[in-house]
Amino acid sequence: MDILVSTIIKTHSLQFIQTDVLEPVTQRAIRYLQAGYSLHLEGPTGIGKTTLAAHLVQCRQRPSLWMMGGQNTGLPDSASSFKQACAEGWTVVYDEFNRSRPDVNTVLLSAVEPRIVSLISNHDSSDVTIHPEFRVIVTSNAEAYCGTYAVQHALLDRLITLRLPEPSILAQQKLLVKLTGISREQAALIISIVQQFLRQVGPERLSSVRPKLMIAKICQRLSITISADDSEFRQVCRDILLSRSCQSALDANEVLWELFNQCSRPMPMIEHIPSRLPPTASYAGTSTS
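Conventions used here
- Residues numbered from 1 in each chain as written.
- Predicted model: local features only at pLDDT ≥ 70, side-chain atom pairs only at ≥ 80, totals over all residues.
- Heavy atoms only, no water.
- Helix = DSSP H or I, 4+ residues; strand = E, 2+ residues; numbered from the N terminus.
- Buried < 20%, exposed > 50% of the residue type's maximum accessible area, 1.4 Å probe, protein only.
- Contact = heavy atoms within 4.5 Å.
- Areas by Shrake-Rupley, 256 points an atom, 1.4 Å probe, with all protein chains shown as cover.
- Phe/Tyr/Trp six-rings, centres within 6.5 Å; stacked < 30°, edge-to-face > 60°.
- Axes fitted to C-alpha atoms, helices over the stretch in contact; angles between N-to-C directions.
- Left-handed = near helix turned anticlockwise from the far one by under 90°.
- Nonpolar A, V, L, I, M, F, W, Y, C, P; charged D, E, K, R; others polar.
- Expected span 1.5 Å × (residues − 1).
- Salt bridge = Lys/Arg side-chain N within 4 Å of Asp/Glu carboxyl O.
- Arc of directions from axis to C-beta.
- Core = buried A, V, L, I, M, F, W, Y, C linked by side-chain atoms within 4.5 Å.

**Q** For this particular structure, what's the right way to read the overall build of the protein chain?
**A** Each helix and strand in the protein chain was counted, giving 10 helices and 8 strands. Within the protein chain, the proportion of its 289 residues that are buried is 42%. The long-range fraction of contacts in the protein chain, counting pairs at least 24 apart against all pairs at least 6 apart in sequence, stands at 73%. With an accessible surface of roughly 16200 Å², the protein chain has 52% of that area assigned to carbon and sulfur atoms.

Below, the structure written as structure tokens:
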């Protein structure tokens, strides 16, 4: 069973934006890592768990090993990179670790506590004493969804679990403005449309920041006018949001179009209607005869 190690991910590529709600969680996380404990960052998809983990890695200023959980990935005892991380005091970030089978994560138990692991390879077997600065940061989604496994209680007992709070509307607005450069009014429009749409088509789902950020980035990079009256903006929203609906595509599309109409700019008032039209003019839908 192979381990999926990513040394391509650069922590500076995951831009971290501190918010009033997230700041106390971040400070506690840093203190717990300094005190010698490893962390479990828990929260719904798109809330920023991986970005926070990358920020914590930067704060520690030590080498890091990045892994992604999956059905055919995990922490096999023969992983030389994990052995090096243990021996040299790296920070191991294990993203979506509950996507890997619990049995392949068992090596984490002794690595975190009592801080000694037996690593077996084809050639030898050796005990590795864990470096004092070795830390593990795992992330998971608390909701049960396809491809995840129940987390071992013995492992959670060794970690400090921090649940990331859902960012407020103002925090999301700040995030979109800083990451994309759009105006506060444009960010507010995107957030409003996405929030209301997801609330109507999937009330059981928590709202993710990810689709809002996707819409903002696409419109900013492609110079698409962020307006409910703009046809390109409507199509971007449609492409990103309709697949997130638990309703039929037809019903979801109707909900989205109604939201666009509600958010559209009011039609300008007609102050004067000429009493007599030019001979060639006519009102749409009426006869000229």
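Still more ground to cover, so stick around.
**Q** How do you make sense of the packing of aromatic side chains when you look at a structure like this?
**A** The geometry of two aromatic rings is summed up by the distance between their centres and the angle between their planes. Summed over the entire model, instances satisfying the criterion amount to 4 aromatic pairs. Cluster of aromatic residues (ring-pair linked, three or more members): F233, W257 and F260.

**Q** How should the packing of helix α6 (residues 169-180) against helix α8 (residues 210-221) be read in this particular structure?
**A** Packed helix pairs are specified by the crossing angle of their axes together with the interaxial distance, meaning the distance between the axes. Orientation of α6 relative to α8, taken along the N-to-C sense of each, is 30°, at an axis distance of 10 Å. Handedness of the α6/α8 crossing: right-handed. Residue-level contacts link Q172, L176, L179 and T180 of α6 to K212, L213, A216, K217 and Q220 of α8. A class-by-class count of the residues in the contact of α6 with α8 yields 4 nonpolar, 3 polar and 2 charged.

**Q** Explain helix α7 (residues 184-201) to me, please; I cannot follow it from the model alone.
**A** Given 3.6 residues per helical turn, the α-helix brings residues three or four places apart onto the same face. Counted at 1.5 Å a residue, the expected span for α7 with its 18 residues is 26 Å, and the 26 Å between its end C-alpha atoms agrees. Within α7 the residues assigned to the buried category are A187, L189, I190, I191, I193, V194, Q195, F197, L198 and V201. On the buried face of α7, the contacting elements are α6, α8, α9 (231-241) and α10 (249-263).

**Q** In this structure, what is going on with the pattern of salt bridges? I would like to understand it.
**A** Opposite charge on two side chains allows them to pair when their charged atoms are near. Enumeration over the complete set of coordinates arrives at 2 salt bridges. Between R163 and E42 there is a salt bridge, with the nearest N and O atoms lying 3.5 Å from each other. Of this pair, R163 sits in strand β8 (residues 159-163) while E42 is found in strand β2 (residues 38-42), placing the two residues 121 residues apart along the sequence. For R60, the salt bridge goes to E133, with nearest N and O atoms at 2.8 Å. Taken as a pair, R60 in helix α2 (residues 49-60) and E133 in the loop between β6 (125-129) and β7 (135-140) lie far apart in primary sequence, 73 residues in all.

**Q** Explanation requested: α9 in the structure shown.
**A** Among the residues making up α9, those that are buried are F233, R234, V236, C237, I240 and L241. The buried residues of α9 occupy one face: seen down the axis, they fall within an arc of 160°. Turned more than 90 degrees away from the buried face of α9 sit S231 and D239, all of them exposed. Tucked inside the fold, the buried residues of α9 contact α7, α8 and α10.

**Q** I keep staring at the nonpolar core and nothing clicks. Help me out?
**A** Looking at soluble globular proteins, one finds that nonpolar side chains tend to be buried together. Counting residues in each nonpolar core, the largest one holds 28 residues, and the members touching the most others are L176, I190, F197, I215, F233 and L241. Those elements that provide at least two residues to this core are α7, α8, α9 and α10. Element by element, the count of residues in this core is highest for α7, at 9 residues. Excluding its chain neighbours within four sequence positions, the residues that come into contact with F197 are L241, L242, S245, A252, V255, L256 and L259. Residues A85, A111, V128 and F134 belong to the second largest nonpolar core, which totals 21 residues.

**Q** What should I look at first to understand the packing of α8 against α9 in this one?
**A** Interaxial distance between α8 and α9 falls to 10 Å at its minimum, and their mutual angle equals 145°. The interaxial crossing formed by α8 with α9 has right-handed handedness. Within the contact between the two elements, α8 uses P211, M214, I215, I218 and C219 and α9 uses F233, V236, C237, I240 and L241. Considering only residue class, the contact of α8 with α9 consists of 10 nonpolar, no polar and no charged.

**Q** I'm lost on unusual backbone geometry in this one. Help?
**A** Excluding glycine, residues mostly carry a negative phi; peptide bonds, for their part, are mostly trans. Look at E96: it is not a glycine, yet its phi comes out positive at around 50°. Secondary-structure assignment places E96 in the loop between β4 (91-95) and α4 (107-112). Of the residues examined, E96 reaches a relative accessible area of 16% and is grouped as buried. Even without being glycine, S223 reaches a positive phi, approximately 55°. Looking at where S223 falls in the secondary structure, it is placed in the loop between α8 and α9.

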